[in-house]
Amino acid sequence: MTVERTEAWTQDEGSGRARALFVERFGEEPDGVWSAPGRVNLIGEHTDYNGGLCLPMALPHRTYVALRRTPVPEGRASGVVRLTSAQAAAGEVREVALADVAPGAVDGWPAYVVGVAWALQQSGDLDEGAGGFDVAVDSCVPFGAGLSSSAALECAVAVALDDVFGLGLAGTPGDPGSPDDAGRARLAAACVRAENEIAGAPTGGMDQAVSLRATAGHALELDCRDLSVRQVPFDLAAHDLALLVIDTRAEHALVDGQYAARRATCEAAARRLGMATLREIDAATLDETLTTLAADAPEDEDADVVVRRVRHVVTEIARVQSFVDLLDAGRVREVGPLMDASHASLRDDYEVSARELDVAVAAAREAGALGARMTGGGFGGSAIALVEATAVDDVASAVAAAFDREGLRAPAFLVATPSEPAA
């Protein structure tokens, strides 16, 4: 059985591709090339917008942007953005005036780029008269795989704009003399606003936080109530383990209404309970809280659905806490059952899994994975499996064979190691 592996580009390769594309499309050299990683979430799904905990890590797969600052055209009040991408139609160059950027005004992938500039203007970090920019994009983050290709694009643009416009927020990762994490948190907030308001995807802040604030060799414990982070050591090689990511090729989209519907259900439940977010529910009194929700449900509401959605969020937050405790204790091999329980909850209570995800998870477990689960927003995308380092190829082959038996499109695979943030 042939197994397709999606390999990460080296920094030189990715930068070279973006730079060459920029010169080809715009005829001049860029000011520089910046990049940001995709992410995979180890556990803590659909908890971010509920004020909960999650545990993502940055992938070695990155989106690269070559960018050049341009002046405000004569006769205009603000700058213009010209955009091109290796993943778009050959030779296509889009143009967007920054003055025209507003919710609902920009369609397609350029919204994720110009939305960042718009959000930085809205926050007062970027002067509206500072000018525009040309940008060329190339990426090895699988698109539509639930690995946050959109946040990788936003965050690469954010650090590029920070650099060329001298905003002073990103600092230099790993440099003790650089600005503290607050600046990167501010950039992450701008990227979230770009995705929510300009691209129209009602996501939480996990993806942008890890893309900008991760540390190589660590998972990022993100508390979405106050956006504080803690770096959690995650050295799988030291335990002879590997994290296999399975791109099911069942493309997911977070702007089709399903994601937004679940977020709305959770927010409505929190309001009925008199809480800011579902994070405030005490896991010890969860059953009592669910009984109250069911008893007080409006006539036009499916009480069972609300109960299951809330149960997933509260139990998933508890699973994140348990997962982190095991990592802190060096008991990495014991996290598998938490991954399995997370997938069951996402499949049955939150109902965001898909046939391809379930096949991938079941096949990986049958082939010896210590644990497996869907990752990301769901409705397609990717699954992850914690496997013996020596069994990566065997597990991947077993999953590919299961997809073939089920008549599904062949999946792709990558091995994830905790990697560097946007720079």
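None of the values given here were measured: they were computed from a predicted structure. (Residues numbered from 1 in each chain as written. Predicted model: local features only at pLDDT ≥ 70, side-chain atom pairs only at ≥ 80, totals over all residues. Heavy atoms only, no water.)

## Structural notes on the environment of Asn50
Note on placement: Asn50 falls in the loop between strand S2 (32-41) and strand S3 (53-54). Owing to a relative accessible area of 2%, Asn50 belongs among the buried residues under this scheme. Taking C-alpha positions, Asn50 is 25 Å from Phe234, a pair spaced 184 residues apart along the chain. In this view, Asn50 contacts Cys266, Thr277, Leu278, Arg279, Val313 and Tyr350; residues no more than four positions away in its chain are not counted. (Helix = DSSP H or I, 4+ residues; strand = E, 2+ residues; numbered from the N terminus. Buried < 20%, exposed > 50% of the residue type's maximum accessible area, 1.4 Å probe, protein only. Contact = heavy atoms within 4.5 Å.)

## Some words on the packing of helix H6 (residues 258-272) against helix H8 (residues 303-328)
For any two helices packed against each other, one specifies the crossing angle of their axes together with the interaxial distance. In contact at an axis separation of 10 Å, H6 and H8 are set at 90° when each is read in the N-to-C sense. In this view, H6 runs roughly perpendicular relative to H8, as classed from their interaxial angle. From H6, Arg262, Thr265, Cys266, Ala269 and Arg272 reach across to H8, where they touch Val306, Arg309, Val310 and Val313. A class-by-class count of the residues in the contact of H6 with H8 yields five nonpolar, one polar and three charged. (Axes fitted to C-alpha atoms, helices over the stretch in contact; angles between N-to-C directions. Parallel < 35°, antiparallel > 145°, perpendicular 65-115°, else oblique. Nonpolar A, V, L, I, M, F, W, Y, C, P; charged D, E, K, R; others polar.)

## Topic: the state of the cysteines
Applying the stated criterion across every chain, the model contains zero disulfides. Sulfur of Cys54: no disulfide; nearest cysteine sulfur belongs to Cys224 and is 3.9 Å away. Residue classification places Cys54 among the buried residues on the basis of a relative accessible area of 0%. Here Cys191 stays free of any disulfide, with the sulfur of Cys155 as its closest cysteine sulfur at 4.0 Å. (Disulfide = S-S within 2.5 Å.)

## Quick notes on the sheet that holds strand S8 (residues 218-223)
Ordered in space as S3-S8-S9, the three strands form an open sheet in which the pairing is antiparallel. Each end of this open sheet is capped by a strand with a single partner; those strands are S3 and strand S9 (228-233). Sheet topology places S3 next to S8; two bridges connect them, and they run antiparallel. The partner of Leu53 across the bridge, within S8, is Asp223. Seen against the sheet, helix H5 (residues 206-213) touches S3, S8 and S9 and runs at an angle of roughly 135° to S8. Sheet strands in contact with H8 are S3, S8 and S9, and its direction is about 45° off that of S9. (Pairing = 2+ DSSP bridges.)

## Things to note about the nonpolar core
Ranked by internal contacts, the top residues of the largest apolar core, which has 77 residues, are Val40, Leu55, Val310, Phe323 and Val399. Looking at this core element by element, the count peaks at eleven residues for H8. (Core = buried A, V, L, I, M, F, W, Y, C linked by side-chain atoms within 4.5 Å.)

## Quick word on the sheet that holds strand S4 (residues 56-70)
Pairing within the open sheet is mixed, and its five strands lie in the order S2-S4-S7-S5-S6. Every other strand in the sheet has two partners, leaving S2 and strand S6 (94-97) as the edge strands with one partner each. Taken pair by pair, the neighbouring strands of this sheet meet at an average axis angle of 25°, ignoring direction. Bridging between S4 and strand S7 (residues 132-139) involves eight bridges; their strand directions are antiparallel. Residue Leu67 lies in a different strand from S7, and its bridge partner there is Val135. Against the sheet, helix H2 (residues 110-122) touches strand S5 (80-85), S6 and S7, its axis set at about 145° to S5.

## Some thoughts on the packing of aromatic side chains
Within this structure, the stated rule accounts for three aromatic pairs. Relative to Phe26, the ring of Phe22 has its centre 4.8 Å away and its plane inclined at 55°; by these criteria the two rings are tilted. A residue pair is termed a helical-turn pair when its members lie 3 or 4 positions apart in one helix, as Phe22 and Phe26 do in helix H1 (residues 11-26) at four residues. Its guanidinium or amino end placed over the ring of Tyr350, Arg309 lies 5.9 Å from that ring's centre, counting from NZ or CZ. (Phe/Tyr/Trp six-rings, centres within 6.5 Å; stacked < 30°, edge-to-face > 60°. Lys NZ or Arg CZ within 6 Å of the ring centre and 35° of its normal.)

## Re the side chain of Glu195
As for its position among the elements, Glu195 is in helix H4 (residues 181-198). Buried charge without a salt bridge: Glu195, with Arg39 as the nearest opposite-charge side chain at an N-O distance of 8.4 Å. Polar side-chain contacts of Glu195 include one of 3.3 Å to the side chain of Ser150. Ignoring sequence-local partners within four residues, the contact set of Glu195 consists of Tyr112, Ser150, Ala151, Glu154, Gly200, Ala201, Thr203 and Gln208. (Lys, Arg positive; Asp, Glu negative; His and termini not counted. Salt bridge = Lys/Arg side-chain N within 4 Å of Asp/Glu carboxyl O. Polar contact = N/O pair within 3.5 Å; in protein donor to acceptor, adjacent residues only side chain to side chain.)

## Here we look at the pairing of S9
Across six bridges, the pairing between S8 and S9 is antiparallel. Among the inter-strand pairings, Asp223 is bridged to a residue of S9, identified as Ser228. Counting the residues between successive antiparallel strands, the hairpin from S8 to S9 contains four residues, one of them, Leu227, with a positive phi of roughly 65°.

## A closer look at the pattern of salt bridges
Under the defined criterion, the tally for this structure stands at 32 salt bridges. Of the charged contacts in the structure, one is a salt bridge between Arg68 and Glu28, with a shortest N-O distance of 3.0 Å. With Arg68 in strand S4 and Glu28 in the loop between H1 and S2, this residue pair connects regions lying 40 residues apart in the sequence. Taking relative accessible area as the criterion, Arg68 reaches 10% and is therefore assigned buried.

## Topic: helix H10 (residues 355-366)
In this model H10 runs 16 Å from its N-terminal to its C-terminal C-alpha over twelve residues, within 8% of the 16 Å that 1.5 Å per residue would give. Listed as buried for H10 are Leu357, Val359, Ala360, Val361, Ala363 and Ala364. Packed against the buried residues of H10 are strand S10 (241-250), helix H9 (336-348), strand S11 (371-375), strand S12 (381-388) and helix H11 (392-405). In the segment just after H10, Gly368 is the residue with positive phi, at about 110°. (Expected span 1.5 Å × (residues − 1).)

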